[in-house]
Amino acid sequence: MNDARPPRPGAHASGRRHLEWVDEGSVRRPGIGRAFGLTTLSALLPGAGLLRTRAWVLGVFLVTLALAALAMVAVLVWRDGLVSTALTAAADPRRLRILLGTLIGGTVLWIGAVALTALLSRPRRTTPAQSGALALFTGLLCLAVAAPAALGTRYVSSHLEAVDKVFGPTPTAGGPEPTSQLGPADDPWAALPRVNVLMLGSDAAAAREGTRTDTMIIASIDTRTGESVLFSIPRNLQRVPIPRDNPLYNIYPGRYDCGDQCLMNAIWTEAENAAEEHPEWYADDPTPGLTATREVLEGVLGLEIQHTVIVNLEGFADLVDAMGGVTVTVKELIPINGRTYTDANGHLQLDPNSPDLEWIQPGTQRMTGYQALGYSRSRVTTDDFSRMRRQRCIVAAVIDQAEPMTLLQRYPQIIGAVGDNVVTDIPQQDLGAWAELVLLVQKASIKSLPFTAQNTDVADPDYAQIRYDVWEATHPSPEAPTPSGSQDDATDTEPAQTEAPSVTEEPTGGTDDGAATTTPTDELTDIGAVCG
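Values in this document were obtained by computation on a predicted structure and should not be read as measured data. (Residues numbered from 1 in each chain as written. Predicted model: local features only at pLDDT ≥ 70, side-chain atom pairs only at ≥ 80, totals over all residues. Heavy atoms only, no water.)

Under the 1.5 Å per step criterion, the end-to-end length of helix 14 (residues 431-443) is 19 Å for 13 residues, consistent within 8% with the ideal 18 Å. Within helix 14, burial applies to Leu431, Ala433, Trp434, Ala435, Leu437, Leu439 and Val441. (Helix = DSSP H or I, 4+ residues; strand = E, 2+ residues; numbered from the N terminus. Expected span 1.5 Å × (residues − 1). Buried < 20%, exposed > 50% of the residue type's maximum accessible area, 1.4 Å probe, protein only.)

Next up, the structure:
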């Protein structure tokens, strides 16, 4: 008996429509828009787009890694501040190299995540136009990820290159003791209440004999407060004291004294010449010129100098140009370039017919590096002391106008100029301590005390008085201790109380610069006022 029943009318057609509906739903795939969205998500946060693909485990790992890195940076910035965090990182070459490797490796992973997201989320059935659009879009996102990473790599690489050039891995043999030997890690300045840094502007042009340190500034910094004093030493200071333990004492016992031919800025060359004639005197000193200059200046000021920074004056123009120029208020007509000659009276004169002669006009103006260098070095129509004031004016202007955004935008050029033209004996391992000190200095005041014809007889200086003035400037208390010593003691390290030298008349024999100019009395003042 056959129980099969004929199908109801329309039943076969209805079942077929149901089967067809199921078959069509089973072959649907996400559209191309989903691929664009997930790829964009991976570009915004590494691996985020992979969370909606079969590689979701990799996506979880990359997202966790990225969020952990962001959290760590946020904690550091919240704890120490953005500037302090950046400065501390910049002062640690080892950390920077780790950062550089992490940046490169992280960027490669990020770009890989973007490309993989596009590949895994792309529909199986796409038109050639859709595939091409997604590939182009993915390429643009990868470029957007790589561009800032490439810029960061350039910044870090430029910084590391400059650090390796400027700061030695170890202190120079025979040079000052490194600060790394002072104090515990949590307080490196514990045993050094003041640190004194000699800044030398070196001019070793081919047409000149030897190295001439025409710019000599000693920065004395209070390591607790950051309060600083800049002492400017004239290049034509005479009868400077020669320390007994310096080999130059064998040639000039006591003082470097031979009239106006023996000036402070010739000490470097004298020591270099002595080293050539008597190498046995300098067997343990690879830098006799630098050592002699530093030790003589220690005797002049009564300060122990811990470190030196040497700046190539010709490269100073590159630094100013890298900063985009410097704005200065010029007080008088200043010539730059041009030929000079010495007249019958031994005075330096300017040849008005020099084909390359240029003039800087009075008034407020933005100078290029070439103009700033010429302005700070010109002395033919003024004198050495006017030049010293203009040099401090340029220094103050550069410090004041070093805006963070400008420094950030031009950092590779700026740090490149520094690396090519600055060298110091501060070891790299001390940069962390110096970074913290720099932050203190930025918040504190910087004062300036130049020794010029207005307060010092450069032909016959009273070094006891100079040392006492330095003592007062670095110990600003109501009752400064009365130091002992005498003018004839060339190796005194403590200043002596004496009568202040008369400044009512211009001392003679101290310059070779032609006509004297009327200048204000030079005294201890804020560095920002030197251009006023």
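Now that the structure has been shown, we can carry on.
Our next topic: the environment of threonine 474. Mapped onto the fold, threonine 474 is located in helix 15 (residues 463-474). You can call threonine 474 buried: its relative accessible area is 6%. Along the sequence, threonine 474 and arginine 194 sit 280 residues apart, while their C-alpha atoms lie 8.7 Å from each other. The contact partners of threonine 474, leaving out residues within four places of it in the chain, are Arg194, Ser220 and Phe231. Among the polar contacts made by the side chain of threonine 474, one reaches the side chain of histidine 475 at a distance of 3.0 Å. (Contact = heavy atoms within 4.5 Å. Polar contact = N/O pair within 3.5 Å; in protein donor to acceptor, adjacent residues only side chain to side chain.)

In this model, the chain carries a mean pLDDT of 78, and residues with pLDDT of at least 70 account for 75%. Averaged pLDDT values over the elements of the chain bottom out at 46 in helix 1 (residues 11-26) and peak at 95 in strand 4 (residues 240-241). The model gives residues 13-27 a pLDDT under 50, and that stretch makes zero contacts with residues more than four places away or in other chains. This model gives residues 205-210 a pLDDT under 50, and the stretch forms seven contacts once residues within four places in sequence are excluded. (pLDDT = per-residue confidence, 0-100.)

This part takes up the packing of helix 2 (residues 32-44) against helix 5 (residues 93-121). Here helix 2 crosses helix 5 at 165°, and the two axes come no closer than 8 Å. Classified by the interaxial angle, the pair formed by helix 2 and helix 5 is roughly antiparallel. Relative to helix 5, helix 2 is oriented so that their crossing is right-handed. From helix 2, Arg34, Ala35, Leu38, Thr39, Ser42, Ala43 and Leu44 reach across to helix 5, where they touch Trp110, Ala113, Val114, Thr117, Ala118 and Ser121. (Axes fitted to C-alpha atoms, helices over the stretch in contact; angles between N-to-C directions. Parallel < 35°, antiparallel > 145°, perpendicular 65-115°, else oblique. Left-handed = near helix turned anticlockwise from the far one by under 90°.)

Running from amino to carboxyl end, helix 8 (residues 288-301) crosses helix 15 at an angle of 85°, the nearest separation of the two axes being 7 Å. Taken together, helix 8 and helix 15 sit at an angle that is classed as roughly perpendicular. Residue-level contacts link Gly299, Val300 and Leu301 of helix 8 to Tyr463, Ile466, Arg467 and Val470 of helix 15. Residues belonging to the contact of helix 8 with helix 15 are distributed by class as follows: five nonpolar, one polar and one charged. (Nonpolar A, V, L, I, M, F, W, Y, C, P; charged D, E, K, R; others polar.)

It is worth spelling out the nonpolar core at this point. Ile218, Phe231, Ile233, Val240, Met264, Ile267 and Leu301 are the most contacted members of the largest nonpolar core, which has 42 residues in total. Where this core is concerned, the elements lending two or more residues are strand 1 (194-203), strand 2 (212-222), strand 3 (228-233), helix 7 (267-277), helix 8, helix 11 (384-400) and helix 15. When residues of this core are assigned to their parent elements, the largest contribution, six residues, is made by helix 8. When near neighbours in sequence (up to four residues on either side) are disregarded, isoleucine 233 contacts Met216, Ile218, Met264, Leu297, Leu301, Met388 and Phe451. Judged by nonpolar contacts, the second largest core, of 22 residues, contains Ile217, Ile221, Leu431 and Ala435. (Core = buried A, V, L, I, M, F, W, Y, C linked by side-chain atoms within 4.5 Å.)

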